[in-house]
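Examining the three-dimensional arrangement
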Amino acid sequence: MNDPFPPSAAADRIVRGIAVCFDDDPWTAGASVCRIVEDAGVAVADGSILAVGDFASLVKGHPAAAVDDFTGHYILPGFIDAHTHFPQTGIIGAYGAQLLDWLNTYTFPAEIRYGDAGHAAEGAGVFLAETLRHGVTTAMVFATSHPASVDALMTGARDQGRRMIAGKVMMDRNAPAALCDTPRRAYDETKALIARWHGVDRLEIAITPRFAITSTPEQLAVAGALAREHPGLPIQTHLSESKVEIATTARLYPEAVDYTDVYDRHGLLRPRAVFAHGIYLAEREWQRLSDAGAVIGHCPTSNLFLGSGLFDIAKAKRADRPVAVALATDVGGGTSFSMLRTMDEAYKVAHLTGTSLPPLATWYWATLGNARALGLDDRIGRLAPGYEADLVVVDPVATPLTAYRDRFARDHQDRLFMLQTLGDDRTVAATYVAGRCLHRR
Ligand SMILES: [Zn+2]
């Protein structure tokens with residue numbers, strides 16, 4: 001690729017490697033929407049991408065720029081995790097329960113501890129460091145019902161210059177008293193967090209009712225009121241993850257046509273609203289999600305670990321009523337911070353539901369695809385001038401096995417697919433946030 005945007009300003013830094021540039025979804029638009037630039041440079045100035053193109057030409061144009069040489073490594077936009085719970089980092093990989101038991105046995109006790117500001121700050125620090133080690137630069141995050149847990153995450157994220165979306169969990173029933181708020185408190189505390197954090201640097205607050213079971217109708221009405229008052233605000237919750245959960249929700253909301261309708265009648269279906277899981281949706285629900293422009297968060301490692309079920313990506317991709325699907329770890333029900341592990345499991349879950357994902361589709365998904373689903377694709381998710389310089393550098397030969405396998409790779413597509421299948425945090429050579437290298441292996 002020749003650089004279509006000749007640099008006019010001076011670059012601080014040029015990151016050298018093989019640039020992987022997605023312009024669209026290779027699944028629907030074909031493999032040609034992925035452009036690979038062999039010896040590329042990503043020139044960065046003031047936290048943004050200034051130019052992407054041939055390395056030698058960029059160096060000539062920017063002789064004063066520092067060069068980070070990752071020759072032979074891939075450079076992509078930083079990974080985006082569209083659904084995760086930072087306070088569950090301490091219970092990842094907890095044994096032997098399905099969704100509702102798992103919440104009661106592990107999740108709620110862990111979240112109660114986040115009422116302590118010191119504990120919350122430590123957990124936020126571990127979460128922010130782990131995501132960086134895995135090349136994840138942006139995430140959409142559940143905190144706990146304590147506003148201080150959001151403060152802890154946002155303080156750390158701001159210090160790192162991260163683009164981050166997070167929300168205080170709203171829950172006022174079917175949970176320990178220490179985690180329950182009230183509709184009034186959920187409203188007031190979310191309003192205060194919006195005033196404190198939303199739009200500060202690269203941070204956004206999301207309206208975050210945990211799920212229908214732990215919110216009264218009065219509280220979901222409050223979530224809807226917040227949504228009306230803040231039309232552009234992200235929303236995050238859970239939908240149709242397990243059969244027991246669906247049956248319980250039906251008992252609690254007898255007036256609703258189905259689970260999706262519970263959120264719909266409270267005004268929570270819209271673009272930038274991410275509904276994690278969506279495993280057992282009926283056709284009517286798919287249609288409503290499509291009409292509303294809402295997003296499903298697909299969390300394959302979580303769905304497999306908790307035995308929740310297999311998400312059917314083909315149903316979301318139906319051309320006559322497409323539903324945006326974001327890819328997510330769902331830590332700590334999910335078992336890895338790695339988007340590579342998550343991409344691999346998504347590929348396998350798709351196979352089990354009769355769909356063969358195109359080889360580059362998951363790399364698009366974890367970058368530009370998720371940026372689009374979260375309504376951030378004018379800022380992140382692409383290697384293009386003007387975009388925020390969040391980057392991940394991927395090392396094809398980081399482990400003895402990938403180094404051996406790499407010798408037999410036929411082309412970039414084969415190599416990238418191999419890396420999604422075999423890669424993990426060792427595969428992430430470096431992570432850049434707004435042009436600054438915050439992790440280097
Ligand atoms: Zn979740």
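This is a predicted model, so every value here is computed, not measured. (Residues numbered from 1 in each chain as written. Predicted model: local features only at pLDDT ≥ 70, side-chain atom pairs only at ≥ 80, totals over all residues. Heavy atoms only, no water.)

**Focus: the coordination of the zinc ion**
Around a metal, the perfect tetrahedron of four donors has angles of 109.5 degrees, and the perfect octahedron of six donors has angles of 90 or 180 degrees. Ligation of the zinc ion by protein atoms is provided by His-83 (NE2), His-85 (NE2), His-238 (NE2) and Asp-330 (OD), these donors lying 2.0 to 2.3 Å from the ion. Each of the four donor atoms bound to the zinc ion contributes to angles spanning 90 to 168°, and the resulting shape is irregular. Each donor residue of the zinc ion belongs to the same chain, and together they define the spacing H-x1-H-x152-H-x91-D. Like His-85, His-83 is buried. (Donors = N, O, S within 2.8 Å, 3.2 Å for Na, K, Ca; no water. Tetrahedral: all angles 85-135°; square planar, octahedral: opposite > 155°, others 65-115°. Buried < 20%, exposed > 50% of the residue type's maximum accessible area, 1.4 Å probe, protein only.)

**Here we look at the layout of surface pockets**
Roughly 360 Å³ of volume is contained in the largest pocket. Residue lining of the largest pocket: 17 residues in total, with Asp-25, Lys-317, Ala-324, Val-325 and Tyr-364 positioned closest to the centre. The set of elements that each furnish at least two residues to the lining of the largest pocket consists of helix H1 (26–29), strand E14 (324–327) and helix H14 (361–373). The biggest single contributor to the lining of the largest pocket is H14, with seven residues. In the lining of the largest pocket, the residues fall into ten nonpolar, three polar and four charged. Counted as a void, the second largest pocket has a volume near 150 Å³. Among the elements that take part in the lining of the second largest pocket, helix H3 (residues 99–112) stands out by supplying three residues, more than any other. Considered class by class, the residues forming the lining of the second largest pocket number five nonpolar, four polar and two charged. (1 Å grid on protein atoms, 1.4 Å probe; cavity = no way out; pocket = protein on both sides within 12 Å on 5 of 7 lines; lining within 4 Å. Points joined across faces, edges and corners; volume = space filled by probe spheres on them. Helix = DSSP H or I, 4+ residues; strand = E, 2+ residues; numbered from the N terminus. Nonpolar A, V, L, I, M, F, W, Y, C, P; charged D, E, K, R; others polar.)

**Regarding the domain arrangement of the protein**
Entries for the protein in the domain assignment read domain 1 (13–77 + 381–440) and domain 2 (79–373). The centre of domain 1, based on its C-alpha atoms, is set 28 Å off from the matching centre of domain 2. Interface area for domain 1 against domain 2, summed over the two sides, is near 3100 Å², with a carbon-plus-sulfur share of 66%. A salt bridge links Glu-388 to Arg-202; its shortest N-O distance comes to 2.5 Å. Every element with two or more residues in the side of domain 1 that touches domain 2 is listed here: H1, strand E4 (66–77), strand E15 (391–394), helix H16 (412–422), strand E16 (428–433) and strand E17 (436–440). Top contributing element to the side of domain 1 that touches domain 2 by residue count: H16, with seven residues. (Domains from an automatic or database assignment. Buried area = accessible area lost by both parts, 1.4 Å probe. Salt bridge = Lys/Arg side-chain N within 4 Å of Asp/Glu carboxyl O.)

**Concerning the environment of Ile-213**
Mapped onto the secondary structure, Ile-213 falls in the loop between strand E10 (208–209) and helix H7 (217–229). For Ile-213, a relative accessible area of 6% corresponds to the buried category. Between the C-alpha atom of Ile-213 and that of Glu-245, which follows or precedes it by 32 residues, the distance is 7.7 Å. Other than its neighbours up to four places away in sequence, Ile-213 contacts Leu-100, Arg-173, Asn-174, Glu-245, Thr-248, Thr-249 and Leu-252. (Contact = heavy atoms within 4.5 Å.)

**Quick word on the packing of aromatic side chains**
In the structure shown here, the tally under the stated rule is ten aromatic pairs. Ring geometry for Tyr-263 versus Phe-275: centroids 5.5 Å apart, planes at 45°, classification tilted. Of the two residues, Tyr-263 sits in helix H9 (residues 259–264) while Phe-275 sits in strand E12 (residues 273–277), which places them twelve residues apart along the sequence. In this structure Tyr-263 comes out as buried when scored by relative accessible area, which is 0%. (Phe/Tyr/Trp six-rings, centres within 6.5 Å; stacked < 30°, edge-to-face > 60°.)

**Some details on the nonpolar core**
Counting 99 residues, the largest nonpolar core has Phe-22, Leu-153, Tyr-263, Phe-275, Leu-289, Ile-296 and Trp-363 as its most contacted members. A domain split of this core shows at least three residues from each of domain 1 (13–77 + 381–440) and domain 2 (79–373). Discounting chain neighbours no more than four positions away, the residues touching Tyr-263 are Phe-211, Ala-212, Leu-220, Thr-237, His-238, Leu-239, Leu-268, Leu-269 and Phe-275. Grouped together as the second largest cluster of nonpolar side chains are 20 residues, Ala-19, Val-37, Val-44 and Ala-389 included. (Core = buried A, V, L, I, M, F, W, Y, C linked by side-chain atoms within 4.5 Å.)

**With respect to the packing of helix H6 (residues 183–197) against H7**
The geometry of H6 relative to H7 is characterised by a closest axis approach of 8 Å and an angle of 25° between their N-to-C directions. The angle between the axes of H6 and H7 places the two elements in the roughly parallel class. Handedness of the H6/H7 crossing: right-handed. Contact with H6, carried on its side by Pro-183, Ala-186, Tyr-187, Thr-190 and Lys-191, involves Glu-218, Gln-219, Val-222, Leu-226 and Glu-229 of H7 and no other residues of that element. Considering only residue class, the contact of H6 with H7 consists of five nonpolar, two polar and three charged. (Axes fitted to C-alpha atoms, helices over the stretch in contact; angles between N-to-C directions. Parallel < 35°, antiparallel > 145°, perpendicular 65-115°, else oblique. Left-handed = near helix turned anticlockwise from the far one by under 90°.)

**Here's the deal with the sheet that holds strand E6 (residues 136–142)**
Read across the sheet, four strands follow the order E5-E6-E7-E9 without closing on themselves; strand pairing throughout is parallel. If you trace the sheet from one side to the other, it starts and ends with strand E5 (79–85) and strand E9 (203–205), each paired once. Ignoring which end each strand starts from, the neighbouring axes of this sheet average 20° apart. (Pairing = 2+ DSSP bridges.)

**Focus: a nonpolar patch on the surface**
Side chains of Leu-304, Leu-310 and Leu-352 sit close together on the surface and give an oily, nonpolar patch of about 270 Å² of accessible area. Mapped onto the elements of the fold, Leu-310 is located in the loop between helix H11 (300–305) and helix H12 (313–316). On the basis of relative accessibility, which here comes to 35%, the residue Leu-310 falls in the partly exposed class. (Patch = residues over 30% accessible without salt bridge, like charges linked within 9 Å, V, L, I, M, F, W, Y side chains within 5 Å. Areas by Shrake-Rupley, 256 points an atom, 1.4 Å probe, with all protein chains shown as cover.)

**Observations concerning the environment of Ala-276**
By secondary structure assignment, the location of Ala-276 is in strand E12. Note: C-alpha distance between Ala-276 and Thr-28 (248 residues apart in sequence) is 23 Å. In this structure, Ala-276 is in contact with His-83, Thr-237, His-238, Leu-239, Gly-297 and Cys-299, ignoring residues within four places of it in sequence.

**As for the pattern of salt bridges**
This model, assessed by the stated rule, comprises 33 salt bridges. Two residues, Lys-317 and Asp-25, come together in a salt bridge whose shortest N-O distance is 2.7 Å. Of the two residues, Lys-317 sits in the loop between H12 and E14 while Asp-25 sits in the loop between strand E1 (13–22) and H1, which places them 292 residues apart along the sequence. Residue classification places Asp-25 among the buried residues on the basis of a relative accessible area of 8%. Arg-184 is the partner of Asp-188 in a salt bridge, and the nearest nitrogen-oxygen pair spans 2.9 Å. Residue Asp-188 and its partner Arg-184 are both found in helix H6; the two are separated by four residues, about one turn of the helix. The exposed category is assigned to Arg-184, whose relative accessible area is 56%. Ionic contacts of the salt-bridge type, sharing partners, join the residues Arg-163, Arg-202, Glu-388 and Asp-390 into one network.

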